[in-house]
Amino acid sequence: MRSVVLLSALMMAPGMGQHAAAAAAPSVGTSSLDHILLWGRNMDQITATMAVKLGFQVRPGRDPGGVADRYIRMSDRSYLELESITRPNPDMDPGMQADQAVLHGAPGSRTFGLRSPALDQVRLLMQQRGLRPTVVFSASLTDPDGGGPSSPPRWRLFSFEHPPLSSQMFFIDYAAGNAAPTQVADEQMAYEHPNSAQELSALWLLSSDADADRKQFERMGYSGATRVRIPQISARGFAVPIGRKCIYVLQPDGPGIAADSLRKGGAQILGVSIGVADLARAKRSVERGYEKALTDYNGLLGESFLAPTQDDLGLLIEFHALASPK
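Predicted model only: the values in this text are computed from it and were never measured.

Thresholds, definitions, all that
Residues numbered from 1 in each chain as written. Predicted model: local features only at pLDDT ≥ 70, side-chain atom pairs only at ≥ 80, totals over all residues. Heavy atoms only, no water. Helix = DSSP H or I, 4+ residues; strand = E, 2+ residues; numbered from the N terminus. Buried < 20%, exposed > 50% of the residue type's maximum accessible area, 1.4 Å probe, protein only. Lys, Arg positive; Asp, Glu negative; His and termini not counted. Salt bridge = Lys/Arg side-chain N within 4 Å of Asp/Glu carboxyl O. Contact = heavy atoms within 4.5 Å. Core = buried A, V, L, I, M, F, W, Y, C linked by side-chain atoms within 4.5 Å. Phe/Tyr/Trp six-rings, centres within 6.5 Å; stacked < 30°, edge-to-face > 60°. Lys NZ or Arg CZ within 6 Å of the ring centre and 35° of its normal. pLDDT = per-residue confidence, 0-100. Polar contact = N/O pair within 3.5 Å; in protein donor to acceptor, adjacent residues only side chain to side chain.

A.B. asks: I'd love a proper account of the side chain of Glu-81, names of residues and values included.
C.D. replies: By secondary structure assignment, the location of Glu-81 is in strand β3 (residues 79-85). At 7.4 Å, Arg-73 is the nearest oppositely charged side chain to Glu-81, a buried residue that forms no salt bridge. Discounting chain neighbours no more than four positions away, the residues touching Glu-81 are His-35, Ile-36, Leu-37, Leu-38, Asp-69, Arg-70 and Tyr-71.

Structural data, given as structure tokens:
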């Protein structure tokens, strides 16, 4: 909260001009894509799809109250969190309940998180813009994701009392930990995927009104959206910059995958873009997993291909070639 106290002091200090106050005003700053929550029919099914059909390394998670989780972690610290219900009447937080109120046990994704190192400052901005953020929630001090006691809490996050977008979202940040050598080694191995995946590059948010989502992102402080079209799924909308990555807010553009998905499942995270170091290797992994030939295309992020994952995951995965470092 020190940034909030400093902001208040600067704004109330005598002799401070408008330029100084503007410089101290809260902003979304260096936010980045953190992760999505992706539900499977069951954990074995979603794990097999990710590992066997798509070539990801899936890392263990927990099952503390009837909702199991596992992880696909990228080298830039973004990730996919896999979830499934393992028993009747599971213990679910409000976000899980909201997802399952729509999914009813089917696969798919309705929630994503943005990471911000200035969580309290971003929350203040959301309050000032009338977006009604929740209180800040923290990880348990006694068992953060199975890692044992931890102080400060491993993560802190806030969501919204009423979702500002067509899909659920939250802001999160993580404490710098003092990891044991074995944990460091485990973490490094988690980033090594047979399909050469490196990052979660983009999210595809589908609704009936892409411009409404664009305006809400702008209200949150994310400006500079540009018009885009994704002919592979017959969708159009806007690319909203989130740091060096982006979120595509989309709506159907005639008959096709987007229109069918919206009709069947309502507003949703329709897809994600995954950056890979070796596109040919990733493509061969998916072609072998799905036993079908796939076609490359020049997408919004360059040379890409679309994996046929919607029946398995309720979500499309686009793989794209990362630019070679100069």
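Moving on from the coordinates now.
A.B. asks: Explain the nonpolar core to me, using residue names and the numbers behind them.
C.D. replies: Among the nonpolar cores identified, the biggest contains 54 residues, and Met-50, Phe-112, Phe-217 and Phe-319 are the most heavily contacted of them. Not counting chain neighbours up to four residues away, the residues in contact with Met-50 comprise Leu-38, Gly-55, Phe-56, Val-58, Ile-72, Leu-80, Leu-82, Leu-313 and Ile-317. The next biggest cluster of nonpolar side chains, apart from the first, holds 16 residues, and it includes Ala-202, Trp-204, Ala-235 and Leu-316.

A.B. asks: Describe the pattern of salt bridges, naming the residues involved and giving the relevant values.
C.D. replies: In this structure the tally under the stated criterion is 16 salt bridges. Across the pair Glu-218 and Arg-214 runs a salt bridge whose closest N-O atoms are separated by 3.8 Å. Here Glu-218 and its partner Arg-214 are both found in helix α7 (residues 210-220), 4 residues apart, which amounts to about one turn of the helix. Using a relative accessible area of 42% as the deciding quantity, one classes Glu-218 as partly exposed. Between Lys-283 and Asp-296 there is a salt bridge, with its nearest N and O atoms 3.1 Å apart. Taken as a pair, Lys-283 in helix α9 (residues 279-290) and Asp-296 in the loop between α9 and β13 (297-299) lie far apart in primary sequence, 13 residues in all. The exposure class of Lys-283 is buried, given its relative accessible area of 17%.

A.B. asks: Describe the packing of aromatic side chains, and please don't skip the residues or the numbers.
C.D. replies: The tally for this structure, following the rule as stated, stands at 7 aromatic pairs. Ring plane angle 15° and centroid distance 5.2 Å describe the contact between Phe-305 and Phe-319, whose orientation is recorded as stacked. Here the residue Phe-305 occupies a position in strand β14 (residues 302-307), and Phe-319 occupies one in strand β15 (residues 316-321), the gap between them amounting to 14 residues. The burial state of Phe-305 is the same as that of Phe-319; both residues are buried. Here a set of aromatic residues connected by ring pairs shows up, and it is made of Phe-56, Phe-305 and Phe-319. Sitting over the ring of Tyr-71, Arg-73 keeps its end group 4.4 Å from the ring centre.

A.B. asks: Could you give an account of the confidence of the model for the protein, naming the residues involved and the relevant values?
C.D. replies: Per-residue confidence for the protein gives a mean pLDDT of 89; residues scoring 70 or more make up 86%. A low-confidence stretch, residues 1-24 (pLDDT under 50), is modelled with 10 contacts involving residues beyond four sequence positions or located in other chains.

A.B. asks: Help me get a handle on unusual backbone geometry, residues and values and all.
C.D. replies: At His-104, a position not held by glycine, the phi torsion is positive, near 55°. For His-104, the position within the fold is in the loop between α4 (94-103) and β4 (108-115). Even without a glycine there, the phi angle at Ser-234 is positive, about 55°. Ser-234 gets classed as buried once you look at its relative accessible area, which sits at 15%.

A.B. asks: Would you mind going over the side chain of His-320 in detail, with residue names and values included?
C.D. replies: Tracing the sequence through the fold places His-320 in strand β15. Here His-320 falls in the buried class, since its relative accessible area comes to 3%. Among the polar contacts made by the side chain of His-320, one reaches the side chain of Ser-201 at a distance of 2.8 Å. Beyond its immediate stretch of four places on either side in the chain, His-320 contacts Ser-201, Ser-273, Ile-274, Gly-275, Val-276, Leu-279, Leu-301, Glu-303 and Ser-304.

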